[in-house]
Amino acid sequence: MKIIEAPQGNLLTSQELCVSSDISEAILYELVEHSIAIPIEGERVTEWQFTISTVILVKKAARIQHDLSLDWSAIALVLQLLDERDELIAENQMLKQHLSRFKHLE
């Protein structure tokens, strides 16, 4: 998962992340254990700090778990594959733009 560094003021505590994502602390622990949510600070659950962008990942993971009833390790794989798909789509669009420029030169 991609984690975007945020200024210190834009970090969420574990509790804030749980509230904003509507998940329990136990689920957050599972997400961290499977590297779906990665704290950027803190050694213990009560000290963990997350970027705001982690909320999107956590919500997506919770939705996948709810809809498909997959275990967290499978959800980590699904999220990785979705990220790779998004990267390939972006790369494909860029290549199409480059190709269209070359076609106009002919």
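Above this text is the structure in question.
A brief structural summary. What you see is a predicted model; the values in this text were computed from it and never measured.

## A look at the overall build of the protein chain
What the protein chain contains, in helices and strands, is four helices and two strands. Within the protein chain, buried positions represent 26% of all 106 residues. In the protein chain, 59% of the contacts between residues at least 6 apart in sequence involve partners at least 24 apart. For the protein chain, the exposed surface amounts to about 7,300 Å²; the carbon and sulfur share of it is 56%.

## Let's talk about the packing of helix α1 (residues 14-21) against helix α3 (residues 54-68)
Close contact between α1 and α3 brings their axes to 9 Å; oriented N to C, the two are set at 50°. Relative to α3, α1 is oriented oblique. Taken as a pair, α1 and α3 cross one another with a handedness that is right-handed. Where α1 approaches α3, its residues Leu17, Ser20 and Ser21 are matched on the opposing element by Thr54, Val55, Val58 and Lys59. Classifying every residue of the contact of α1 with α3 gives three nonpolar, three polar and one charged.

## Here we look at α3
Look at α3: 21 Å from first C-alpha to last across 15 residues, which is about the 21 Å you get at 1.5 Å a residue. For α3, the complete set of buried residues consists of Thr54, Val55, Leu57, Val58, Ala61 and Ile64. Immediately downstream of α3, the backbone of Ser69 shows phi near 55°, a positive value.

## With respect to the pattern of salt bridges
Counted under the stated rule, the structure contains two salt bridges. We note a salt bridge from Arg85 to Asp86, for which the minimum N-O separation is 2.8 Å.

## Some details on the packing of aromatic side chains
Under the counting rule described, the total for this entry stands at two aromatic pairs. For the ring pair Tyr29 and Trp48, a centre distance of 6.4 Å and an interplane angle of 10° mean the geometry is stacked. Of this pair, Tyr29 sits in helix α2 (residues 25-33) while Trp48 sits in the loop between α2 and β2 (49-51), and the two are 19 residues apart along the sequence. Judged by its relative accessible area of 43%, Tyr29 falls in the partly exposed class. Relative to Phe50, the ring of Trp48 lies with its centre 6.1 Å away and its plane at 85°, an arrangement referred to as edge-to-face. Like Trp48, the residue Phe50 is buried in the burial classification. Put simply, the rings of Tyr29, Trp48 and Phe50 touch in pairs and so form one group of aromatic residues.

## With respect to the nonpolar core
Counting 20 residues, the largest nonpolar core has Leu28, Leu31 and Ile36 as the members making the most contacts within it. Looking at this core, the elements with two or more residues in it are α1, α2, α3 and α4 (72-105).

## Regarding unusual backbone geometry
Even without being a glycine, Asp22 presents a positive backbone phi close to 60°. Mapping Asp22 onto the fold places it in the loop between α1 and α2. Taking the relative accessible area as the measure of exposure, Asp22 reaches 72% and is therefore exposed. Of note, the phi angle at Ser35 is positive, near 60°, even though the residue is not glycine. Structurally, the position occupied by Ser35 is in the loop between α2 and β2.

Conventions we followed
Residues numbered from 1 in each chain as written. Predicted model: local features only at pLDDT ≥ 70, side-chain atom pairs only at ≥ 80, totals over all residues. Heavy atoms only, no water. Helix = DSSP H or I, 4+ residues; strand = E, 2+ residues; numbered from the N terminus. Buried < 20%, exposed > 50% of the residue type's maximum accessible area, 1.4 Å probe, protein only. Contact = heavy atoms within 4.5 Å. Areas by Shrake-Rupley, 256 points an atom, 1.4 Å probe, with all protein chains shown as cover. Axes fitted to C-alpha atoms, helices over the stretch in contact; angles between N-to-C directions. Parallel < 35°, antiparallel > 145°, perpendicular 65-115°, else oblique. Left-handed = near helix turned anticlockwise from the far one by under 90°. Nonpolar A, V, L, I, M, F, W, Y, C, P; charged D, E, K, R; others polar. Expected span 1.5 Å × (residues − 1). Salt bridge = Lys/Arg side-chain N within 4 Å of Asp/Glu carboxyl O. Phe/Tyr/Trp six-rings, centres within 6.5 Å; stacked < 30°, edge-to-face > 60°. Core = buried A, V, L, I, M, F, W, Y, C linked by side-chain atoms within 4.5 Å.

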